[in-house]
Amino acid sequence: MVTFEERIGEVLDRISQAAARSGRKRGDVTLVAVSKTKPLDMIIRAVQTGLITDLGENRVQEGMEKIPAWPAGLPPVKWHLIGQLQRNKARKALELFHSIQSVDSVKLAQRLQDIAAELGVRRPVLLEVNTSLEESKSGCALADAPIIADALVQCGRLDWQGLMTVGPLTDDKDQIRRSFAALRDCAEGLRKRTGLSLPVLSMGMSGDYELAIEEGSTMVRVGTAIFGAR
């Protein structure tokens, strides 16, 4: 049986190789282990390898079940909300998660800002952009990103760190690369517009994270390659 150490080690090795191809080091890319639908005991075993420090969940409801139950004696981890966030769950998301990677509208940004001010917290967030142009994908349109960026600049309780996207569901590597390059170019435009550094580009999952890193990703969200199929 393949162990978590072996699975995670292989992912980290591939991250290192892809980073080298883009003139970077493995430490320049954060690995978020996507633990959605997986039981807490399995997630704990993965973290106990010492190779995982960041976990990603798609749904606030799952976070409500897992995050408060995290054993106190284990190493602390950062929990990232990577799935689409409804405004009526914004408060719970801010209470539970270290960061929210799926801000995709002015209304959601303002809602998070208001609640964060009430709670007296400041949270890292990413702007999710739909660069694949697939209707099934969440995220704002590329054309709307500057408008949301202007709103995020005004949200002092949101630590806007960069952008996120989900690559297209295809075997066409050129199409996948174009999707990731579009996010990279979008980020560069928003840096010029806002004057912010926006260092985080969260793009790449189990099937395409190496391509994403070659196109500039600084954070990959890997689930199946670590935990197995859902």
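Along each chain, the written sequence defines residue order, and numbers are assigned to residues from 1. Reporting in this predicted model follows two pLDDT cut-offs: at least 70 for local features of residues, and 80 or more for side-chain atom pairs to be given and counted; totals over whole chains, interfaces and linings ignore these cut-offs and use all residues. The basis for the side-chain values is all heavy atoms of the structure; hydrogens and waters are excluded.

### Things to note about the side chain of Ser 217
Tracing the chain through its elements places Ser 217 in the loop between α8 (209–214) and β8 (219–222). Polar contact criterion, stated in full: a pair of N or O atoms within 3.5 Å, where within protein one must be able to donate a hydrogen and the other to accept it, and residues adjacent in sequence count only if both atoms are side-chain atoms. Side-chain polar atoms of Ser 217 contact the backbone oxygen of Met 219, separated by 2.9 Å. Setting aside its immediate chain neighbours within four residues, Ser 217 contacts Arg 24, Val 29, Leu 201, Met 203 and Ala 212. A run of H or I in DSSP becomes a helix once it reaches four residues, and a run of E becomes a strand once it reaches two; helices and strands are each numbered from the N terminus. Any two residues whose heavy atoms approach within 4.5 Å at even a single point are treated as in contact.

### Overview of the UniProt feature "modified residue: N6-(pyridoxal phosphate)lysine" (unreviewed entry) in the chain
In the UniProt entry, the feature "modified residue: N6-(pyridoxal phosphate)lysine" (unreviewed entry) is given for Lys 36. Topologically, Lys 36 is positioned in the loop between β1 (30–34) and α2 (40–47). Accessibility here uses a 1.4 Å probe with only protein chains present; expressed as a share of the type maximum, an area under 20% marks a residue as buried, one over 50% as exposed, and anything in between as partly exposed. The class for Lys 36 is buried, based on a relative accessible area of 18%. UniProt positions are given in the numbering used here, feature names are shortened, and annotations may be inferred rather than shown by experiment.

### Description of the pattern of salt bridges
Just to be clear on terms, a salt bridge is a Lys or Arg side-chain nitrogen sitting within 4 Å of an Asp or Glu carboxyl oxygen. Within this structure, the stated rule accounts for 15 salt bridges. Among the ionic pairs, Lys 66 bridges to Glu 57, the shortest N-O distance being 2.8 Å. Residue Lys 66 is joined to Glu 62 by a salt bridge in which the shortest nitrogen-to-oxygen separation is 2.8 Å. Taken as a pair, Lys 66 and Glu 62 lie in helix α3 (residues 60–66) at a separation of four residues, close to a single helical turn.

### Let's talk about the pairing of β1
With four of its five residues buried, β1 lies for the most part within the structure. DSSP calls a pair of strands paired once it identifies at least 2 bridges connecting them. Direction of pairing for β1 relative to strand β2 (residues 54–57): parallel, over a ladder of two bridges. Note on β2: the bridge partner recorded for Val 34 is Gly 56. Tracing the backbone out of β1, into α2 and back to the parallel element β2 gives a crossover that is right-handed. The handedness rule is simple: strands pointing away from the viewer, and a clockwise path from the first strand over the helix to the second, make the crossover right-handed.

### Side note on helix α6 (residues 145–153)
Taken together, the buried positions of α6 are Ala 145, Ile 148, Ala 149, Ala 151 and Leu 152. All buried residues of α6 project into a common sector of 160° when viewed along the axis, lining one side. The arc refers to the directions leading from the helix axis to the C-beta atoms.

### Focus on the environment of Gly 63
Its place among the elements puts Gly 63 in helix α3. Taking the relative accessible area as the measure of exposure, Gly 63 reaches 0% and is therefore buried. Remark: the alpha-carbon pair of Gly 63 and Leu 96, spanning 33 residues in sequence, is separated by 7.0 Å. The contacts of Gly 63, once residues within four sequence positions are left out, are Pro 68, Leu 96 and Phe 97.

### Here's the deal with the packing of aromatic side chains
Each aromatic ring pair is described using two quantities: the centre-to-centre distance and the angle formed by the ring planes. Working definition: a ring pair exists when centres of Phe, Tyr or Trp rings (six-membered ring for Trp) sit within 6.5 Å. Plane angles under 30 degrees give stacked, over 60 give edge-to-face, the rest tilted. Following the criterion strictly, the structure yields two aromatic pairs and no others. Their ring planes at 70° and their centres at 5.8 Å tell us that Phe 4 and Phe 227 sit as a pair that is edge-to-face. Separated by 223 residues along the polypeptide, Phe 4 in helix α1 (residues 4–21) and Phe 227 in helix α9 (residues 224–227) bring together distant segments of the chain. Per residue, the accessibility class of Phe 4 equals that of Phe 227, and both read buried. Aromatic pair Trp 70 and Trp 79: ring centres 5.7 Å apart, planes at 85°, arrangement edge-to-face.

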